[in-house]
Number of protein chains: 2
Amino acid sequence: MTTIKTAHILCVGTELLLGDIVNTNAAFLSQRLAQLGICVYKHTSVGDNPERLKAALSEALSDADLVITSGGLGPTYDDLTKETVAEAFGLELELDERSLGIIRSYFERTGRVMTKNNEKQAMMPRTAHVFDNHYGTAPALAVSSSDGQKTVIMLPGPPGELTRIFDEEVAPFLRERSDSVLVSKNIHIFGIGESAVEEKIKTIMTTSENPTVAPYCKEGEVRLRVTAKAHSEDAAARMCDGVIEQILGSEVGRFVYGIDCDTLERALVDKLHEHALTLCTAESLTGGLIAERVTSVAGCSDVFFGGCVTYTNEIKHALLGVSEDTLARCGAVSCETAMEMARGARERLGTDIAVSATGFAGPTGGTDQTPVGTVFIGVSTKYGEDFCKLTLSHMRSREYIRTVSASNALNMALLAVKKLTKS
Amino acid sequence: MTTIKTAHILCVGTELLLGDIVNTNAAFLSQRLAQLGICVYKHTSVGDNPERLKAALSEALSDADLVITSGGLGPTYDDLTKETVAEAFGLELELDERSLGIIRSYFERTGRVMTKNNEKQAMMPRTAHVFDNHYGTAPALAVSSSDGQKTVIMLPGPPGELTRIFDEEVAPFLRERSDSVLVSKNIHIFGIGESAVEEKIKTIMTTSENPTVAPYCKEGEVRLRVTAKAHSEDAAARMCDGVIEQILGSEVGRFVYGIDCDTLERALVDKLHEHALTLCTAESLTGGLIAERVTSVAGCSDVFFGGCVTYTNEIKHALLGVSEDTLARCGAVSCETAMEMARGARERLGTDIAVSATGFAGPTGGTDQTPVGTVFIGVSTKYGEDFCKLTLSHMRSREYIRTVSASNALNMALLAVKKLTKS
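All values derive from a computational prediction rather than experimental measurement.

## Section: the sheet that holds strand β2 (residues 39-46) of chain B
At step 1: On the basis of which strands lie adjacent, the open sheet formed by twelve strands has the order β6(A)-β7(A)-β8(A)-β3(A)-β1(A)-β2(A)-β2(B)-β1(B)-β3(B)-β8(B)-β7(B)-β6(B) and mixed pairing. The open sheet is flanked by β6 (129-131) of chain A together with β6 (129-131) of chain B, the only strands paired with a single partner. Direction aside, the axes of adjacent strands within the sheet are offset by 15 degrees on average.
At step 2: Relative to strand β8 (residues 151-155) of chain B, strand β7 (residues 140-144) of chain B runs antiparallel, the two being bridged by four bridges. Directly across from alanine 142 of chain B, in β8 of chain B, lies its bridge partner isoleucine 153 of chain B.
At step 3: Relative to β8 of chain B, helix α6 (residues 159-175) of chain B is tilted by about 155 degrees, and along the sheet it contacts β3 (66-70), β6, β7 and β8 of chain B.

Dropping the structure here:
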């Protein structure tokens, strides 16, 4: 079997060129191919235009060992990917009875009527490797040139189908044809900026070539991706672990909230589960975002009781018992109000931990002393209270300010769990 | 001036080929070019590799009147877009004093130190049209071939810079060089599926060629995009309005919640403002998502008072006064509980309208009678109450069930405003 080292991703669909959809398939396929140790040279997107598709395919084939296409496998006359690839390799399409059976059963299962043109989707070159598609009607397939030097894998365009078929069927197919694997692990960091992270672990980042260490930042969070290349998954994983240990031992270590733990909210829900602790929320500027993020984690209902969104002073007083005096004296955006919100929520909802957020999300509002971007996060537990003040730029969007505030609240709750379980 | 009719989008950056970032720039540029009446032939993404960038540029130039590049304009040695384009057109780079001044003042304004290599970013071909970049250090520029037949516009890669420079500087530049404009208007529809919409206005959709009518659907919502091409913006807008009126007069009309109104939550906040009505929320399975979506709309604080996230029976009783008898007899996921949640929230928070949601978001939970995907939405106003039951497939993701539930709640609140203001 010829080893596949390089790839070209060719996406087909006029909706891409109109900007109606963002091409998430190219990013997904690139990530997966990198993990398989296959180097992606180029992405190309063309419309449902036979001539331009043919030219793009021929260019892609001259470029790389493997071409992965997405889209153009539907039942209608303008779906031409399979026909174009077959022509390029000089192959005929024939009815594939097995694929036809799968399409028929898909229609039966979803209670829809199969029309005549769906049969077109079961036409395959005889030498094709057919991947089963349980998520739609377009079968996916791989076709190779007669000398085995070039392979084209054709996948349906809808991301829900493409990603699942790739992980279930295409990845094992490619693993057999690649000579190395890449393993990536993510270190999740909160509470320190990207440049400060880089400065503190500069030596590790610049001297480590395999694994590589690459930083990514997004709305107040930093992620370090450690990627190792080796001949087996185990060996690559072990190489990653070595570098991760170094980073955990560095000055950055105390800002790490997890390894491959997906999100702050998942890390928090996991920690609450681990220690059988319960949480509630009291939100002003975040308007429900903290609770929404916690409840986006399946299984949160054992550890999350609920929360209050208190957008007015009256409701802060009525639902959470924030004193009218505090609101009048210190204002709704103050450390005092944040603390009373957290305390009130914890007492009324009866949880171990409560976290609160109050601030000015903008674009209007705020005062000279407390401009837009000023946010107070409060935490209350049975053993103590804590708060932090954020001073975000008033130039930031409302969405950014709310998101970063919610992330800080989740992080404060996570730190509270750690404190509670130490004491 | 040569008219620009066709374009090729060329994105530069190894992070695209690694799948580290999704290429939103290509979709953004495609949408904007379509609005300008410029047809996009192809998207290409290449890494920071001089040879492959050169080849991709030469191919793009052979293809289309206009090439728009994104990325590769940074200060480091591997940022090569400008150099490669200048070489293709046989142009020299010279220091552009005006650009250097803008870069200097950017560094002063953001309080950062300008390093020597940033000067590279002020090197321009003498014939370049320079677009000001107030959002970063990489100037954007347009360069044309000596015969004026081909133009390359180079934009920085970060979407926050690219989108703003495009709208402020590049769009006017291209408008002068395009012979027609496209105007699109969106009809926002809720409460009816895509295929039902298509069936009801089939004649309008298939007979109308200019404007075109194209449906898009996303998590329970349908959007019809009406797009007209004409020689002026006014003429195109009038053509759109004609078709929109036809659609509003059709059977689909009563499901339309707005024209170009962005989102359900914005339509709701606008309607509440218009009629000086106030809203609160009571959420179980949506966990704060309804409140979060309402409060994502700037200026909502006049009409939104707050809400409760009640994830346990105890909290439903304590915060909203849902009776223990109802919870025991009908269960937390029931029409009765949804109604008591809405009623309790409205009375306790003192608003004109309250909306509630309770259901099973999955993946676990649910019973034989009320499986995952069963959701009850309740609405309470001073003049009456209403509810609806959703039966979403238990195969749907937790995220989908929560999102569609929140959308239905927002829509129920919107209908309540309409009813209240009619009576």
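## A short note on the pairing of β2 of chain B
At step 1: With six of its eight residues buried, β2 of chain B lies for the most part within the structure.
At step 2: One ladder, built from five bridges, connects strand β2 (residues 39-46) of chain A with β2 of chain B; its direction is antiparallel. For threonine 44 of chain A, the partnering residue across the bridge sits in β2 of chain B and is threonine 44 of chain B.
At step 3: Bridging between strand β1 (residues 6-12) of chain B and β2 of chain B involves seven bridges; their strand directions are parallel. Bridging across to β2 of chain B, alanine 7 of chain B finds its partner in valine 40 of chain B.

## Brief notes about the packing of aromatic side chains
All names here are of chain B.
At step 1: Considering all chains together, one arrives at eight aromatic pairs over all chains under this definition.
At step 2: On the numbers, 5.9 Å between centres and 85 degrees between planes, the contact of phenylalanine 28 with phenylalanine 166 is edge-to-face. Pair noted here: phenylalanine 28 is in helix α2 (residues 24-35) and phenylalanine 166 is in helix α6, with a separation of 138 residues, a long-range link.
At step 3: For phenylalanine 28, a relative accessible area of 13% corresponds to the buried category.
At step 4: Here the aromatic rings of tyrosine 106 and phenylalanine 107 are separated by 6.2 Å at their centres, their planes lie at 85 degrees, and the arrangement is edge-to-face.
At step 5: Its guanidinium or amino end placed over the ring of tyrosine 135, arginine 164 lies 4.1 Å from that ring's centre, counting from NZ or CZ.
At step 6: Positioned above the aromatic ring of phenylalanine 173 is the side chain of arginine 177, whose terminal nitrogen or guanidinium carbon lies 3.7 Å from the ring centre.

## Focus: the layout of surface pockets
At step 1: Taken as a whole, the second largest pocket encloses approximately 1,000 Å³ of empty space.
At step 2: If you trace the second largest pocket, you find 24 residues lining it, with Tyr135 and Arg164 of chain A together with Met395, Arg396 and Tyr400 of chain B closest to the centre.
At step 3: Those elements that provide at least two residues to the lining of the second largest pocket are α5 (97-109) and α6 (159-175) of chain A together with α7 (194-200), β10 (212-218) and β11 (221-230) of chain B.
At step 4: A total of three residues in the lining of the second largest pocket trace back to one element, the largest contributor, which is α6 of chain A.
At step 5: Among the residues making up the lining of the second largest pocket, the classes are represented as eight nonpolar, eight polar and eight charged.

## Observations concerning the relation of the copies chain B and chain A
At step 1: The operation relating chain B to chain A is a screw motion whose rotation component is 180 degrees, with 0.1 Å of axial translation and a residual RMSD of 0.1 Å. These values place the two chain copies in the arrangement generated by a two-fold rotation axis.
At step 2: The fraction of interface residues of chain B whose copies in chain A are also interface residues reaches 100%, indicating that both copies meet through the same surface.

## Describing the packing of helix α2 (residues 24-35) of chain A against α6 of chain A
Residue and element names in this part refer to chain A.
At step 1: The geometry of α2 relative to α6 is characterised by a closest axis approach of 11 Å and an angle of 20 degrees between their N-to-C directions. It follows from the interaxial angle that α2 and α6 lie roughly parallel. With respect to the hand of their crossing, α2 and α6 are arranged in right-handed fashion. Seen from α2, the contacting residues are Thr24, Asn25, Phe28, Leu29, Arg32 and Leu33; seen from α6, they are Pro159, Leu162, Thr163, Phe166, Asp167 and Leu174.

## Digging into empty space enclosed by the protein
At step 1: Within this structure, the stated rule accounts for five cavities of 30 Å³ or more.
At step 2: Put simply, the largest cavity is a space of about 130 Å³.
At step 3: Contributing to the lining of the largest cavity are 16 residues, with Asn23, Ala26 and Ser45 of chain A together with Asn23 and Ser45 of chain B lying nearest its centre.
At step 4: Of all the secondary-structure elements, those providing two or more residues to the lining of the largest cavity are α2 and β2 of chain A together with α2 and β2 of chain B.
At step 5: Top element by residues in the lining of the largest cavity is β2 of chain A. It accounts for three residues.
At step 6: The residue inventory of the lining of the largest cavity, partitioned by class, reads nine nonpolar, seven polar and no charged.

## Here's the deal with the pattern of salt bridges
At step 1: Per the counting criterion, the structure on display carries 38 salt bridges over all chains.
At step 2: We note a salt bridge from arginine 126 of chain B to glutamate 94 of chain B, for which the minimum N-O separation is 3.0 Å. One end of the pair, arginine 126 of chain B, is in the loop between β5 (123-125) and β6; the other, glutamate 94 of chain B, is in strand β4 (residues 93-95), and 32 residues separate them in sequence.
At step 3: When its relative accessible area of 69% is taken as the criterion, arginine 126 of chain B is described as exposed.
At step 4: Classification of glutamate 94 of chain B as partly exposed rests on a relative accessible area of 30%.
At step 5: Three or more residues joined by partner-sharing salt bridges are found here, namely Lys42 and Glu59 of chain A together with Lys42 and Glu59 of chain B.

Cut-offs applied
- Residues numbered from 1 in each chain as written.
- Chains lettered and ligands numbered in written order.
- Predicted model: local features only at pLDDT ≥ 70, side-chain atom pairs only at ≥ 80, totals over all residues.
- Heavy atoms only, no water.
- Pairing = 2+ DSSP bridges.
- Helix = DSSP H or I, 4+ residues; strand = E, 2+ residues; numbered from the N terminus.
- Axes fitted to C-alpha atoms, helices over the stretch in contact; angles between N-to-C directions.
- Contact = heavy atoms within 4.5 Å.
- Buried < 20%, exposed > 50% of the residue type's maximum accessible area, 1.4 Å probe, protein only.
- Phe/Tyr/Trp six-rings, centres within 6.5 Å; stacked < 30°, edge-to-face > 60°.
- Lys NZ or Arg CZ within 6 Å of the ring centre and 35° of its normal.
- 1 Å grid on protein atoms, 1.4 Å probe; cavity = no way out; pocket = protein on both sides within 12 Å on 5 of 7 lines; lining within 4 Å.
- Points joined across faces, edges and corners; volume = space filled by probe spheres on them.
- Nonpolar A, V, L, I, M, F, W, Y, C, P; charged D, E, K, R; others polar.
- Least-squares fit on C-alpha atoms with pLDDT ≥ 70 in both.
- Parallel < 35°, antiparallel > 145°, perpendicular 65-115°, else oblique.
- Left-handed = near helix turned anticlockwise from the far one by under 90°.
- Salt bridge = Lys/Arg side-chain N within 4 Å of Asp/Glu carboxyl O.

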